[in-house]
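Next come the chains, spelled out residue by residue.
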Amino acid sequence: MADVVSPIDGRVLTHIAPASPAEVDAAVREARAAQPAWARRTGSDRSRILHAVADLIEARIDELAETETRNTGKILSDTRREAIRAANSFRYYAGWAEQVRGETIPVGPEYHTYTVPEPHGVVAGVIPWNVPFFFAVKKIAPALAFGNACVLKPAEETPLTALRLAGLLAEAGVPDGLVRVLPGGRETGVALVSHPDVDLIVFTGHHDTGKAIARSAAANLTPVALELGGKSPQVLFPDADLDQAVDAVVLGVFASCGQMCIAGSRLVLHESIYDDVLDRVAERVRALRVGDPFDAETDLGPQITAVQRDKTAAFIAESSGAGRLVAQATLPDTERLRNGFYVAPTVFDRLDDNARLLREEVFGPVLAVSSFRDDADALRLANDTEFGLAAGIWTADIARAHRFAGQVRAGTVWINTYRVMSDLVPFGGVGLSGYGRENGTEAARLYLRSKSVWTSLTGGTPQGYGMGGAGAAG
């Protein structure tokens, strides 16, 4: 049995048995058996059931948010917003279920040629611990909309809302065996992603785990999409609206205690505004309220795991010797919270370009600040990373903004805003941030595969298609 711990106070919430490899095998086989009948249902029928799931989520927003906050330590306003977004995601993909269609391709008068979009079959979803409920929905909803089955492995530390979602799916009428949620750690995950009857793997998490999954998938030639981490820059030019930019900088790296793949963890400032913006950010950071996530006055709660708290603390300790500690918030000091996994939001500057804090993903509330001279220098610094998930630019010069967006190496670029997300907009990264795209029209490309059908209108094969003929396909 594995302990499920609340990071708020270190209290054990419950114990959950991890799924064994035998249970993974049984779940995949059940999903494969259930999937063909689901795929044969009309899009309208699948849509109706997905809307029913959304209804059930909306009726339980407060319950789901409270459970998520207890298990993750994220502030209640965040987990409530994520639960609402999860319901909206089911509605979005419910709409997609009725819009799947192929196309007729006019290759010539001798043939009627068309494509048929088909589900892959069994989708393996593997998700991290930072946004467990919404990420569970983000894998399951499109899989179901496009006619697939789904076996989901949530993070061992945060399985509670994903397991609750499984119950809501059954209540809404999702057929038995079509979706399974299997809690567990590495052994469970390895058994799932290496299973030969898995037809597609969609993973969100750390880049090292993503590399391991890609190697495992290659053994079975299983297609895989990897949404991994980031080391995202926010670049501020002198003509930016600095009030709005500073708000976005603070929210973009310290929200969710920094546990976001899109965290704007590198602040890149033009040298003419460097001192002014740094002073503003430092003032905001010192005023951040760290504490009980159920308290409406709290800005950020704890890190979700003790391991992550210790990792972030190690980055702060190392960076204190490598650069200048500019500002730091105050940790809570109450008897109840003393055993929680809290880390003080911290800002550093004057770091060497090769400092670990500028190169590696912390996944905690730590900001590294650098300066630039001109546009070329700003772009150089923004692209000076192995990651490529997101970037932000703040400027009133629209030509500069679009030049930067075109040249920065990132899957998402925000101009004069940050951390805005939608199911309608494709999302994914490059480099160590992974490959493949979720959301929007890219979701249909990911969760469906295309079959081409040729029908001869004249019979036989074209002239010249004999043995070894010039037109013969290999």
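Right, let's walk through the structure included here.

So, how was this worked out
Residues numbered from 1 in each chain as written. Predicted model: local features only at pLDDT ≥ 70, side-chain atom pairs only at ≥ 80, totals over all residues. Heavy atoms only, no water. Pairing = 2+ DSSP bridges. Helix = DSSP H or I, 4+ residues; strand = E, 2+ residues; numbered from the N terminus. Expected span 1.5 Å × (residues − 1). Buried < 20%, exposed > 50% of the residue type's maximum accessible area, 1.4 Å probe, protein only. Contact = heavy atoms within 4.5 Å. Axes fitted to C-alpha atoms, helices over the stretch in contact; angles between N-to-C directions.

The next subject is the pairing of strand S2 (residues 12–16). Bridge count for strand S1 (residues 2–5) against S2 is 4 bridges, and the pairing is antiparallel. The residue bridging Val4 from the neighbouring strand is Thr14, located in S2. Following S1, the chain reverses through 6 residues before pairing antiparallel with S2; Gly10 in that reversal takes a positive phi of roughly 75°.

Below, the discussion takes up helix H3 (residues 61–72). Compared with an ideal rise of 1.5 Å per residue, which puts 12 residues at 16 Å, H3 spans 16 Å between its outermost C-alpha atoms and is within 8% of the ideal. Inspection of H3 places Ile61, Leu64, Ala65, Glu68, Thr69, Asn71 and Thr72 among the buried residues, and these make up the whole buried set. Close packing links the buried residues of H3 with S1, S2, helix H2 (43–59), helix H4 (76–97), helix H5 (132–145) and helix H6 (160–172). Within two residues after H3, Gly73 carries a phi angle of roughly 80°, on the positive side.

Bringing the environment of Gly301 into the picture now. Note on placement: Gly301 falls in the loop between helix H10 (274–286) and helix H11 (306–322). On the basis of relative accessibility, which here comes to 3%, the residue Gly301 falls in the buried class. When neighbours within four sequence positions are excluded, Gly301 is seen to be in contact with Gly73, Ile75, Cys257, Val290, Gly291 and Tyr342.

Before going further, it helps to spend a moment on the sheet that holds strand S4 (residues 111–119). Hydrogen bonding along the main chain pairs the strands of a sheet, whether they run parallel or antiparallel. In space, the 3 strands of this open sheet follow the order S3-S4-S18, with antiparallel pairing throughout. Two strands close off the open sheet at either side, each with one partner strand: strand S3 (104–105) and strand S18 (448–456). Bridge count between S4 and S18: 9 bridges; the pairing is antiparallel. Looking across to S18, one finds that Glu118 is bridged to Arg449. Running at roughly 70° to S18, helix H15 (residues 440–447) makes contact with S4 and S18 of the sheet.

Glancing now at unusual backbone geometry. Where the residue is not glycine, phi is negative for most of them; where a peptide bond is considered, it is trans in most cases. In the Ramachandran plot, Asn416 falls in the positive-phi region, its phi being about 55° despite a non-glycine side chain. Among the secondary structure elements, Asn416 is positioned in the loop between strand S16 (412–415) and strand S17 (434–435). Residue classification places Asn416 among the partly exposed residues on the basis of a relative accessible area of 34%. Despite not being glycine, Asn439 shows a phi value in the positive range, around 80°. Following the sequence through the fold, Asn439 ends up in the loop between S17 and H15.

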